[in-house]
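Each chain, letter by letter, is given below.
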Amino acid sequence: MKRNFFADLLQIEHFGSDNSYAGYVLKMAAHYRYPPLPLSTALVQSLLSVRLRGRCSLHLSILNAYRMANCFNFAPEVEVSCNTGGFGIDGAVSTLVGTALAERSNLCVGVVGDLAFFYDMNVLGLRDIPPNLRLIVINNSGGEEFRLNRGLNFYVKDKIEPTVAAAGHYRQGVKAWAQSCGFHYQQVTSSEELPQQLDALCCKDAKRPMLLEVFTQDKNEQIAFRQLFGN
Ligand SMILES: Cc1ncc(C[n+]2csc(CCOP(=O)(O)OP(=O)(O)O)c2C)c(N)n1
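Since the structure is predicted, the reported quantities are computational estimates derived from the model, not experimental observations.

**Quick notes on the overall build of the protein chain**
Regarding its fold elements, the protein chain presents eleven helices and six strands. In terms of C-alpha radius of gyration, the protein chain reaches 19 Å, essentially the compact-globule figure of 17 Å for 231 residues. With 231 residues in all, the protein chain has 34% of them scored as buried. For the protein chain, long-range pairs separated by at least 24 residues make up 72% of all intrachain contacts whose partners lie at least 6 apart in sequence.

This is the structure in structure tokens:
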């Protein structure tokens, strides 16, 4: 039977002035499970949240990556940074590299969109990038943020892809650059491959920094978004 969290919550008649309300909510929330997610930013965050253990840094860039991360519980030792100083998609990869250099004994993981990666990809060419760096690039061929924005879609309609979403860039760009910079590169094109690749990515032992490129489709990003946030 399909259950509705808020309908269930309304059945509870009395809440005391103690913390019983929080207790009820937590107890009820434990019954709810997210439906199976397709290959999407949300699926990456969901699987990552149960794999990152021990002290580590997680950098998210930007809107879509941290909106989806917000739906899952990461372990308290994971220090999560949402690099929104200037609310820019530029600079997140550089910041991650800086953190990885400063915290060499911790895993430093970044989840960035393809546009955020392209804005800041030069930094991978630096000398001595340490092996504790792990970068996940979610390649959905453009700015998913704009495709998810209904108001914008209403006005821009079918021009959204070539204009604001900046779609149609060179698809092999991430792989070629990562490999030429000495990164261990892997890619994922189906949800079945993702758990195993994330296991490898979250493993501390590595001789080289790693980059995992996850190819997602707009259709699946939209499905995952509605599964988590409703219509
Ligand atoms: C320097 C800069 N340019 C443009 C923007 C506007 N902007 C906000 S989100 C976004 C798209 C991000 O796309 P991507 O990194 O691929 O992530 P996705 O939304 O696809 O998950 C852009 C261009 C910005 N925030 N900062």
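**Observations regarding the nonpolar core**
The nonpolar side chains of a soluble globular protein tend to be buried with one another. One finds Ala65, Leu96, Val112, Leu135, Ile136, Val137 and Leu211 to be the most contacted residues of the largest nonpolar core, which totals 51 residues. Those residues in contact with leucine 96 that sit more than four places away from it in its chain are His59, Cys108, Gly110, Leu133 and Leu135.

**Considerations on the site of the ligand**
Asn64, Gly113, Ala116, Gly143 and Glu144 are the nearest of the 18 residues found near the ligand. Residues that form the shell around the ligand fall into these classes: eight nonpolar, six polar and four charged.

**Here's the deal with the pairing of strand S2 (residues 78–82)**
Note that strand S1 (residues 56–61) and S2 share five bridges and pair parallel. Bridge pairing in S2 links leucine 60 to cysteine 82. For the handedness criterion, the β-α-β arrangement of S1, helix H4 (residues 63–69) and S2 is classed as right-handed.

**Looking at unusual backbone geometry**
Cis rather than trans, the peptide bond between serine 61 and isoleucine 62 has omega equal to -25 degrees. Among the secondary structure elements, isoleucine 62 is positioned in the loop between S1 and H4. You will see that serine 141, though not glycine, has its phi angle at about 55 degrees, which is positive. One non-glycine residue with positive phi stands out, namely lysine 157, at about 50 degrees.

**Focus: the environment of asparagine 132**
Tracing the backbone shows asparagine 132 in the loop between helix H6 (114–119) and strand S4 (133–139). Taking the C-beta count within 10 Å as the criterion, asparagine 132 has 21 such neighbours and is therefore assigned buried. Through-space distance from the C-alpha of asparagine 132 to that of alanine 206 is 7.3 Å; in sequence the pair is 74 residues apart. Once you skip the residues sitting within four places of it in the chain, asparagine 132 turns out to touch Ala100, Arg104, Asn106, Leu107 and Cys108.

**Notes on the packing of helix H3 (residues 41–49) against helix H10 (residues 194–201)**
Running from N to C, H3 and H10 point in directions that differ by 50 degrees, and their axes come no closer than 10 Å. As far as their axial angle goes, H10 and H3 are oblique. As H3 runs across H10, the sense of the crossing is right-handed. Contact with H3, carried on its side by Leu43, Leu47 and Leu48, involves Leu194, Pro195 and Leu198 of H10 and no other residues of that element.

**Quick notes on the sheet that holds S2**
Overall, parallel pairing links the six strands, which are arranged S2-S1-S3-S4-S6-S5 in an open sheet. A strand with exactly one partner marks an edge of an open sheet, and here the two such strands are S2 and strand S5 (184–188). For this sheet, the mean inter-axis angle between neighbouring strands, taken without regard to orientation, is 15 degrees. Pairing analysis gives six bridges linking S4 to strand S6 (residues 210–215), with the strands arranged parallel. Residue isoleucine 136 lies in a different strand from S6, and its bridge partner there is leucine 212. Each of S1, strand S3 (107–113) and S4 touches helix H5 (residues 92–102); the most contacted strand, S3, lies at about 175 degrees to it. Sheet strands touched by helix H9 (residues 173–180): S4, S5 and S6. Its angle to S5, the strand with the most contacts, is close to 160 degrees.

**A few points about the pairing of S4**
With seven of its seven residues buried, S4 lies for the most part within the structure. Across six bridges, the pairing between S3 and S4 is parallel. Residue pairing across strands places valine 109 opposite arginine 134, the latter belonging to S4. Between the parallel elements S3 and S4, the chain passes through H6 in a crossover that is right-handed.

**Structural notes on the environment of arginine 53**
Positionally, arginine 53 belongs in the loop between H3 and S1. Along the chain, arginine 53 and leucine 107 lie 54 residues apart, while their C-alpha atoms are 9.5 Å from each other.

The rules behind the values
Residues numbered from 1 in each chain as written. Predicted model: local features only at pLDDT ≥ 70, side-chain atom pairs only at ≥ 80, totals over all residues. Helix = DSSP H or I, 4+ residues; strand = E, 2+ residues; numbered from the N terminus. Rg over C-alpha atoms; globule rule 2.2 N^0.38 Å. Buried ≥ 20, exposed ≤ 12 C-beta atoms within 10 Å, placed from the backbone. Contact = placed C-beta atoms within 7 Å. Core = buried A, V, L, I, M, F, W, Y, C linked by C-beta atoms within 7 Å. Near = placed C-beta within 6 Å. Nonpolar A, V, L, I, M, F, W, Y, C, P; charged D, E, K, R; others polar. Pairing = 2+ DSSP bridges. Right-handed = clockwise from strand over helix to strand, strands pointing away. Axes fitted to C-alpha atoms, helices over the stretch in contact; angles between N-to-C directions. Parallel < 35°, antiparallel > 145°, perpendicular 65-115°, else oblique. Left-handed = near helix turned anticlockwise from the far one by under 90°.

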